[in-house]
Amino acid sequence: MAQHPQHQQWLKLTEKQMKGRPTSELEWLTPEGIRIKPLYTAEDLEGLESVNTLPGLAPYLRGPMATMYTGRPWTIRQYAGFSTARESNDFYKKALAAGQKGLSVAFDLATHRGYDSDHPRVYGDIGKAGVAIDSVEDMKILFEGIPLNEMSVSMTMNGAVIPILAGYIVAAEEQGVDLAQLSGTIQNDILKEYLTRNTYIYPPGPSMRIVSDIMAYCSQHMPKYNTISISGYHMMEAGANSVLQTAFTMADGVEYVRAALKSGLDIDAFAPRLSFFFGIGMNFFMDIAMLRAARFLWHRLMQQFSPKDPRSSMLRTHCQTSGWSLTEQDPYNNIIRTTLEAMTAVLGGTQSLHTNSFDEAIGLPTDFSARIARNTQIIIQEESEVCHVIDPLGGSYYLESLTASIVNEAQKIIDEVEEMGGMAKAIESGMPKLRIEESATRKQARVDQGLDVIVGVNKYRLADEKIDFEIREVPASVRDEQIARIATIKASRDNAAVEKALTELTVAATGNGNLLAAALTAIRARATIGEVSTAMEQVFGRYVASSRCVAGAYSSEYREENTVIAAIRERANRFLELQGRRPRLLVTKMGQDGHDRGFKVVASAFADLGFDVDISPMFQTPEEVAKMAIENDVHVVGVSSLVAGHKTLIPALIEELKRAGGGEIIVVAGGIIPPGDYEALFQAGVQAVFGPGTPIPDSAARTLSLLEAKYLS
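A brief structural summary. Along each chain, residues carry numbers from 1 onward, in the same order as the chain's sequence is written. Side-chain atom pairs in this predicted model are given and counted only at pLDDT of 80 or more, local residue features only at pLDDT of at least 70, and totals for whole chains, interfaces and linings cover all residues. Remark: hydrogens and water are excluded; side-chain values derive from all non-hydrogen atoms of the structure.

## Looking at the sheet that holds strand 13 (residues 612-615)
Here is step 1 of the chain: Two strands qualify as a pair provided that DSSP identifies no fewer than 2 bridges between them. Each helix is a run of DSSP H or I of at least 4 residues and each strand a run of E of at least 2, with the numbering of both proceeding from the N terminus. Spatially, 13-12-14-15-16 is the arrangement adopted by the 5 strands of the open sheet, whose pairing is parallel. Both outer strands of the open sheet, strand 13 and strand 16 (688-690), are each paired with one neighbouring strand and no more. Strand-to-strand twist of the sheet, defined as the mean angle between neighbouring strand axes without regard to direction, takes the value 25 degrees.
Here is step 2 of the chain: Sheet analysis places strand 12 (residues 584-589) next to strand 14 (residues 636-641), joined by 5 bridges and oriented parallel. Note on strand 14: the bridge partner recorded for Lys589 is Ser640.
Here is step 3 of the chain: Running over the sheet, helix 23 (residues 597-608) touches strand 12, strand 13 and strand 14 and is turned about 170 degrees from strand 12.
Here is step 4 of the chain: Helix-sheet contacts for helix 24 (residues 622-631) involve strand 12, strand 13 and strand 14, and the interaxial angle to strand 12 is about 165 degrees. A fitted line through C-alpha atoms serves as each axis, taken over the contacting stretch for helices, and the angle formed by two N-to-C directions is quoted from 0 to 180°. Contact definition: two residues touch when any of their heavy atoms are within 4.5 Å.

Written out as C-alpha cells, the structure is:
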C-alpha cells in the first residue's frame with residue numbers, strides 16, 4: 001500500500017528524533033499479540049468491512065441502539081449483597097435513593113454452591129462475599145419495599161440458578177406481581193464456571209439442560225426477562241486478555257444457542273433475550289475496541305442460525321470494572337483506575353455498568369466506598385457530557401484498526417473451538433482454561449519485573465503507607481441467624497408437601513418435565529435452596545474438577561540472566577542437596593470460593609522457581625487440606641484466601657494439622673486479607689502473610705527463608 005507523502009515525511013522526522021532508530025522500535029506488541037504502531041492514518045482503514053456502519057443497524061459495531069445514550073443513558077447497576085437479606089435490603093434502598101437505577105444481587109458462596117447455611121462445609125462462608133439466601137422467606141426480605149414490577153433485577157447466579165430464580169419468581173408472586181412484568185437478567189452462564197469462577201454444582205451435561213429449561217420457561221412466562229448473561233468478566237478477572245475474553249465469550253454464546261435450539265426452541269423466541277457481561281481492564285482503547293468487536297462478531301456468528309428478528313443478532317451487554325486491577329497499596333489510586341475503566345465501558349457502548357469500590361482489594365465495600373463508586377458513574381453521566389454523541393470515537397484511525405484486529409484474532413480462536421466440536425468439547429479438553437491461566441501467569445511475571453507498571457505497587461510506591469479507612473466485616477453471628485431462620489421455616493411448613501414437591505423435582509431431573517417449573521412448586525412449599533439443589537443432585541451428581549496448572553509460563557517471561565530468579569533457584573537447589581528433596585508446597589483454597597487466578601499463578605510460578613508443588617482440589621475443608629498435606633509430606637501449606645473466611649478457616653487448618661500429627665508443617669497465607677487481620681493470623685500460627693501486590697519472587701524468597709531457618713540452621 002502506497003504511503004501518503006506526509007506520512008513518509010513523518011516517518012523520516014521521527015527516525016531523526018529517535019537518533020536513527022527505525023520507527024518499528026516504537027511499536028508495542030500487546031499481550032493479545034496485536035502490534036500497535038505509534039501513528040495510524042486513513043490508510044489503516046482501507047478495506048475494513050466495519051467502517052461506514054451506523055449505530056442501531058447491523059452489524060451493530062457502533063452500538064445496538066440507534067440513539068444510544070442520547071435517548072437513554074446506560075443503567076447504573078451496582079453489584080451488591082452481603083450478610084443477611086435484611087442488611088442487603090437496607091443497602092439497596094439507600095443506593096436506589098442515591099441514584100442507582102437497577103439492582104444487581106451478589107449471593108454468598110454457600111448459596112452459589114447450593115448449600116444451606118447450616119451445612120458443615122460452608123461454616124466459614126456465610127454472608128461473607130454476598131448475601132445468604134436459604135429460602136423464599138430470605139428472598140422476600142431481600143426485596144421488601146422494592147416493587148419488582150418496576151425494578152430491573154440482575155442476579156449473578158449459575159450453580160444454584162434453579163432454586164434462586166424460583167425464589168425470585170415466588171417472591172414476586174407474593175408481592176402480587178405478574179411474571180410478565182418482571183425485568184432484569186439471570187446470569188445462568190454455567191460454561192464459564194468450568195473455565196474460571198468454579199461455582200458449579202453439577203456436571204456440564206445436566207447444567208446445560210438447566211440453561212435450556214430456564215430459557216424455555218422464561219420465554220413463555222417472562223418475556224421481558226433476560227434468561228442468560230454470557231459472561232467474559234470472570235475470564236478477564238482470571239487472567240484472559242481482551243482477545244481471549246472476546247473469543248471464549250462468543251464461543252460460549254454459540255454453544256448456548258445450539259443447546260436451546262436442540263431443546264426445540266425457535267431462535268427468535270429466545271435469542272433477543274440473550275445478554276452479555278464483559279470485564280473492563282486498564283488498557284483503555286483495547287477494551288473500547290473489544291466491546292465494538294464483540295457486537296460485530298456476535299452479529300456475524302448468529303447468521304448461521306438464520307434469525308428473522310434483527311434483535312436476535314444484536315449484542316447487548318453489562319460491564320463491570322476490574323477487581324484484579326485494584327491494589328491494596330496506595331488504595332485511593334483505585335478510584336482513578338475505576339474511573340478510567342468506567343469511561344472505557346461507556347465509550348465502548350455498554351448498556352449497564354457496575355463500578356468497583358476502591359477498598360475491594362482489602363475487603364467488602366463500605367457505604368462510603370460504594371457511594372464513591374456509584375457517584376463515579378453519576379458524574380460521568382451527568383457532568384462529562386458524553387451522552388450527547390453516539391459512539392464519539394467511531395472513525396478513529398487507531399480505534400477502527402484495533403477493532404478489526406480484535407475481530408480477526410478472536411475469530412481465529414473461535415474457529416479453533418469450532419474445530420474441536422464447540423465450547424463444551426473445548427472445555428472438556430482443558431484448552432480454554434489453560435490459555436487463560438497462561439495469560440494470567442505471564443501477566444504476573446511482567447508485573448513482578450516492573451514491565452507492566454502498577455502505580456503504587458511496582459513503581460512510585462510509598463515508603464510508609466498505612467490503611468486508614470474503615471473495612472466492612474461480616475460477623476460470624478450471621479450464620480447463627482440464618483440457621484435459626486431455617487429451623488423456623490422447617491417447623492412451620494407442610495413437610496409432606498415439601499417432600500412430594502422435591503420428589504417430583506427429582507423425577508423432572510430424569511428428563512420428565514421442566515426443572516424450573518418443578519422447582520417453583522417446591523419453593524412455594526418452602527423447600528430450602530439446599531433441598532432443591534440436593535433433589536437434582538440425586539440424579540445429576542456433584543461435579544469435581546481436576547486441578548492442574550501451566551508450566552514454564554512464569555519463568556519464560558524473565559530473561560535467563562535475571563539475578564533474582566537465579567538466586568531463588570539456587571537456594572531451592574541447595575535445599576535439595578542438603579535435605580534430599582526439593583522444598584515441597586501444597587497450594588490450597590478452603591471454603592466455597594472458586595476464584596483460582598492467584599491460586600493457580602502461585603502454583604505455576606513456585607514450580608518454575610524450583611519448588612515441588614501440589615495443588616489441592618477446590619472447595620476443601622480444613623480437615624481435608626490437613627490430610628492431604630500430611631499424606632503428601634509437604635513442608636509448607638500456602639492458603640489462598642479471597643472472601644473473608646481466613647479468620648475462621650486458616651486457624652482451623654492449623655489446629656487440624658496439630659491434631660493429625662502435622663504440626664511441624666509451615667502455614668503461610670496470601671490474598672485479600674486486611675492488614676488488621678494479620679496479627680490474629682500470626683497468633684493462630686501463620687508464619688507469613690502475603691497481601692495483594694506481593695511480587696511472587698518476594699513470597700518465594702520469604703518462604704525459603706522460613707524453610708532454611710527450620711531445616712538448614
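Additional details are given in the paragraphs that follow.
## Regarding the environment of Glu708
Here is step 1 of the chain: Among the secondary structure elements, Glu708 is positioned in helix 27 (residues 696-711).
Here is step 2 of the chain: Sequence separation between Glu708 and Ala572 is 136 residues, and the spatial gap between their C-alpha atoms is 9.7 Å.

## Considering the packing of helix 11 (residues 284-302) against helix 12 (residues 333-348)
Here is step 1 of the chain: Contact geometry for helix 11 and helix 12: axes closest at 8 Å, N-to-C directions at 30 degrees. Judged by the angle between their axes, helix 11 and helix 12 are roughly parallel. Helix 11 and helix 12 meet at a crossing whose hand is right-handed. When helix 11 is examined against helix 12, the residues Phe284, Asp287, Ile288, Leu291, Arg292 and Arg295 are found in contact with a partner set consisting of Leu340, Met343, Thr344, Ala345, Leu347 and Gly348. When an angle is under 35 degrees it counts as roughly parallel; over 145 it counts as roughly antiparallel; between 65 and 115 it counts as roughly perpendicular; any other value is oblique. Crossing handedness follows the turn of the near helix against the far one: under a right angle anticlockwise gives a left-handed crossing, and clockwise gives a right-handed one.

## Some words on helix 13 (residues 367-383)
Here is step 1 of the chain: To estimate how far a helix should extend, the number of its residues minus one is multiplied by 1.5 Å. The terminal C-alpha atoms of helix 13 lie 23 Å apart, and with 17 residues this matches the ideal 24 Å at 1.5 Å per residue to within 8%.
Here is step 2 of the chain: On its buried face, helix 13 is in contact with strand 3 (75-80), helix 2 (85-97), helix 12 and strand 11 (352-354).
Here is step 3 of the chain: Positioned one or two residues after helix 13, Glu385 has a phi angle of 70 degrees, which is positive.

## Side note on the environment of Val686
Here is step 1 of the chain: With respect to the element layout, Val686 can be found in the loop between helix 26 (678-684) and strand 16.
Here is step 2 of the chain: As a C-alpha pair, Val686 and Gly513 span 173 residues in sequence and 51 Å in three-dimensional space.
Here is step 3 of the chain: Setting aside its immediate chain neighbours within four residues, Val686 contacts Ile650, Ile654, Val667, Val668, Ala669 and Leu681.

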